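An overview of the molecular structure
If you want the building blocks of each chain, they are given just below.
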Amino acid sequence: MAYPGRRLPFAVQHGRPGEAPPPRVVRLSDNRIILGGAAASGVPSEIPFSGEGPAWENEDLFATMAALNAQGLPFQYQPKEWDAPDALMAWWQETGRLTVSFRAMSWLAPDRWLITTIEPPVIGVFGWTGPKPFGH
């Protein structure tokens, strides 16, 4: 995970081997936010949002993701998806829309996960000069 402009060290929570991960935002698909680990916790498995414009400019998506963040759900790292939940949250931080931290979830192995708290970036940290267009 690369989050430019963030100060180290990151706060990290490690799951124990075999421990079930918490409910989390897994990915976006067809104007739906897909949640994982939700069934056992009473959280819905998906949440619809209006499909107006690109994901990074979508007001309904931003409001819903910000509300999920306020509830403490982590956003899963998806390295092969340019509009992955954690990438959107990081970009919204970089542009100043999201002014609070979020938690990113990644996997160390099929049964081992970790959650990293990502604070908003600071100009100059690790050479960060400010936001670039989304996806770059």
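See the structure printed just above.
Everything numeric in this text was worked out from a predicted model, so none of it was measured.

What counts, and at which threshold
Residues numbered from 1 in each chain as written. Predicted model: local features only at pLDDT ≥ 70, side-chain atom pairs only at ≥ 80, totals over all residues. Heavy atoms only, no water. Core = buried A, V, L, I, M, F, W, Y, C linked by side-chain atoms within 4.5 Å. Buried < 20%, exposed > 50% of the residue type's maximum accessible area, 1.4 Å probe, protein only. Helix = DSSP H or I, 4+ residues; strand = E, 2+ residues; numbered from the N terminus. Contact = heavy atoms within 4.5 Å. Axes fitted to C-alpha atoms, helices over the stretch in contact; angles between N-to-C directions. Parallel < 35°, antiparallel > 145°, perpendicular 65-115°, else oblique. Salt bridge = Lys/Arg side-chain N within 4 Å of Asp/Glu carboxyl O.

Bringing the nonpolar core into the picture now. With 24 residues, the main nonpolar core has Ile33, Leu61, Met65, Trp92 and Phe102 as its most contacted residues. For this core, the secondary structure elements donating two or more residues are strand 2 (24–29), strand 3 (32–36), helix 1 (59–70), helix 2 (85–94) and strand 6 (102–109). If one sorts the elements of this core by residue count, helix 2 sits on top with 5 residues. Filtering out sequence-adjacent residues up to four positions away, Leu61 remains in contact with Leu28, Ile33, Phe49, Ala55, Leu88 and Trp92.

We now examine the packing of helix 1 against helix 2. The N-to-C vectors of helix 1 and helix 2 enclose an angle of 100°; their axes lie 11 Å apart at closest approach. Taken together, the axes of helix 1 and helix 2 lie roughly perpendicular to each other. Facing Leu61, Phe62, Met65 and Asn69 of helix 1, the residues of helix 2 in contact are Pro85, Leu88, Met89 and Trp92.

What follows covers the pattern of salt bridges. The tally for this structure, following the rule as stated, stands at 4 salt bridges. Among the ionic pairs, Arg6 bridges to Glu94, the shortest N-O distance being 3.2 Å. A residue pair is termed long-range when its members are at least 10 positions apart, and Arg6 in the segment before strand 1 (11–14) and Glu94 in helix 2 qualify at 88 residues. In this pair, the class of Arg6 matches that of Glu94, namely buried.

Attention now moves to the environment of Leu73. The topology assignment puts Leu73 in the loop between helix 1 and strand 5 (75–76). Along the backbone, Leu73 and Val25 are 48 residues apart, and their C-alpha atoms lie at a distance of 6.8 Å. The residues contacting Leu73, other than those within four sequence positions of it, are Pro23, Arg24, Val25, Leu35 and Leu68.

Let's shift gears to helix 2. Across the 10 residues that make up helix 2, a large majority, 9, are buried. By the burial criterion, the buried members of helix 2 are Pro85, Asp86, Leu88, Met89, Ala90, Trp91, Trp92, Gln93 and Glu94. The inward-facing, buried residues of helix 2 abut strand 2, helix 1, strand 5, strand 6 and strand 7 (112–118).

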